[in-house]
Amino acid sequence: MKENDKLQEAKYFYEKMTESVDFPPIFGYNLSAFLSASRSILQYLLKDVKTQKKGKVWYDDLIKNSKYAKYFRDKRDTNIHQNILQTKKGIDINKGQIKIIYYFKDWKNSEDIIQLCNNYLNELQAFLQDGHKKRFLNFF
């Protein structure tokens, strides 16, 4: 199933992001790859379900009720078609440990990019599980 392959790819680049926070250019490359892989999941999902009875309605409801899908779609589109994404950096000092944290400038909630991407991955996985449970998807 293409969606599951892309989910694994997105998880791979997510892990690479967590490993590269101390190297801003590399973090940005991995973020870009994560955005592309995660976007592909929803594109493949739509292609697979849109011709099935109630499949498109199910998909549209997922996207409408998603906290992250539209935001990440727009981030990916901006990154691919307009400009390299600009992030802002912060520093977290906890128990003597210094950690670099990245944020999207326009995200209104408190999640940093790592937290936000993890939340999105969880949401995407839930979409695929729901599609399988409702028999819109054959494999998972």
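Right above here is the structure, for reference.
First, a word on what this report is: a plain description of the structure on this page. (Residues numbered from 1 in each chain as written. Predicted model: local features only at pLDDT ≥ 70, side-chain atom pairs only at ≥ 80, totals over all residues. Heavy atoms only, no water.)

1. Overview of the side chain of Asp-130
Position of Asp-130 relative to the elements: it lies in helix 5 (residues 113–133). Contact partners of Asp-130, with chain neighbours within four places excluded, come to Trp-58 and Leu-62. (Helix = DSSP H or I, 4+ residues; strand = E, 2+ residues; numbered from the N terminus. Contact = heavy atoms within 4.5 Å.)

2. Some points on the pattern of salt bridges
Under the defined criterion, the tally for this structure stands at 10 salt bridges. The partner of Asp-48 in a salt bridge is Lys-2, with the nearest N and O atoms 3.6 Å apart. With Asp-48 in helix 2 (residues 24–49) and Lys-2 in helix 1 (residues 2–19), this residue pair connects regions lying 46 residues apart in the sequence. Among the residues examined, Asp-48 registers a relative accessible area of 24% and is labelled partly exposed. The shortest N-O distance in the salt bridge between Glu-111 and Lys-67 comes to 3.7 Å. One end of the pair, Glu-111, is in the loop between strand 2 (97–104) and helix 5; the other, Lys-67, is in the loop between helix 3 (55–65) and helix 4 (69–81), and 44 residues separate them in sequence. Look at Glu-111 and you get buried, because its relative accessible area is 12%. On the accessibility criterion, Lys-67 (45% relative accessible area) is partly exposed. (Salt bridge = Lys/Arg side-chain N within 4 Å of Asp/Glu carboxyl O. Buried < 20%, exposed > 50% of the residue type's maximum accessible area, 1.4 Å probe, protein only.)

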